[in-house]
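Survey of secondary and tertiary structure
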Amino acid sequence: MNATSTLELVCPHCQAINRVPAERLHEDPQCGRCRKPVLPLAPVALTDASFDRMITRDPLPILVDFWAAWCGPCRMFAPVFEQAAARYAGQLRFAKVDTEAAQGVAARNQIRSIPTLILFRGGHEVDRVSGALPATQLQAWLARHGL
């Protein structure tokens, strides 16, 4: 992507499409509709209703954590995932899918164990890994994908 390109980013809050110049990604762009951050520093929750639009329409890669509230390893991994979201802001989106609340999305993505991380680019799965990763292992996994 060149410095003069414009990205059409999906607002994780209201699902509106926002045109953002690539050189302004690190300036905390706000949604034109709801005025909330288009690129929040924390993971966003995706549901059965919002998952497809975010995954298929957003130009940035998206790392999705499939989890459940009752899962001990999921709760242990949550702070690592949140810290990574802040670290990679503007170059990679972070989202969470509660597999109990979004059973359709979990089934379509064939989630068999949690936590499971899936990296999406252009609406397609690039890679997945299951289990709670330490921060260094998560960073190494992302680096293998050019992030």
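Placed above this text is the structure.
Before going into details, it helps to say that this report is about the structure given with it. (Residues numbered from 1 in each chain as written. Predicted model: local features only at pLDDT ≥ 70, side-chain atom pairs only at ≥ 80, totals over all residues. Heavy atoms only, no water.)

**Quick look at unusual backbone geometry**
In most cases, non-glycine residues show a negative phi, while peptide bonds are predominantly trans. Here the bond from Ile114 into Pro115 is cis, since omega is -5°, no more than 30 degrees from zero. Locating Pro115 in the fold gives a position in the loop between helix 3 (103-108) and strand 6 (116-121). Phi at Arg35 is positive, roughly 65°, even though this residue is not glycine. Residue Arg35 is classed as exposed on the basis of its relative accessible area, which comes to 58%. Within the chain, Gln110 stands out as a residue other than glycine whose phi angle is a positive 50°. Within the secondary structure layout, Gln110 lies in the loop between helix 3 and strand 6. (Helix = DSSP H or I, 4+ residues; strand = E, 2+ residues; numbered from the N terminus. Buried < 20%, exposed > 50% of the residue type's maximum accessible area, 1.4 Å probe, protein only.)

**Some words on the pattern of salt bridges**
Pairs may arise between side chains of opposite charge once their charged atoms sit close together. In this structure the tally under the stated criterion is 5 salt bridges. Salt-bridge contacts for Arg108 lead to Asp52; the nearest nitrogen and oxygen are separated by 2.7 Å. Of this pair, Arg108 sits in helix 3 while Asp52 is found in helix 1 (residues 51-57), placing the two residues 56 residues apart along the sequence. According to the relative accessible area criterion, Asp52 is partly exposed, its value standing at 38%. Measuring nitrogen to oxygen at the nearest pair gives 2.9 Å for the salt bridge that ties Asp58 to Arg93. Residue Asp58 is found in the loop between helix 1 and strand 4 (62-67), and its partner Arg93 is found in strand 5 (residues 93-98); the two are separated by 35 residues along the sequence. This pair shows no difference in class: Asp58 is buried, exactly as Arg93 is. (Salt bridge = Lys/Arg side-chain N within 4 Å of Asp/Glu carboxyl O.)

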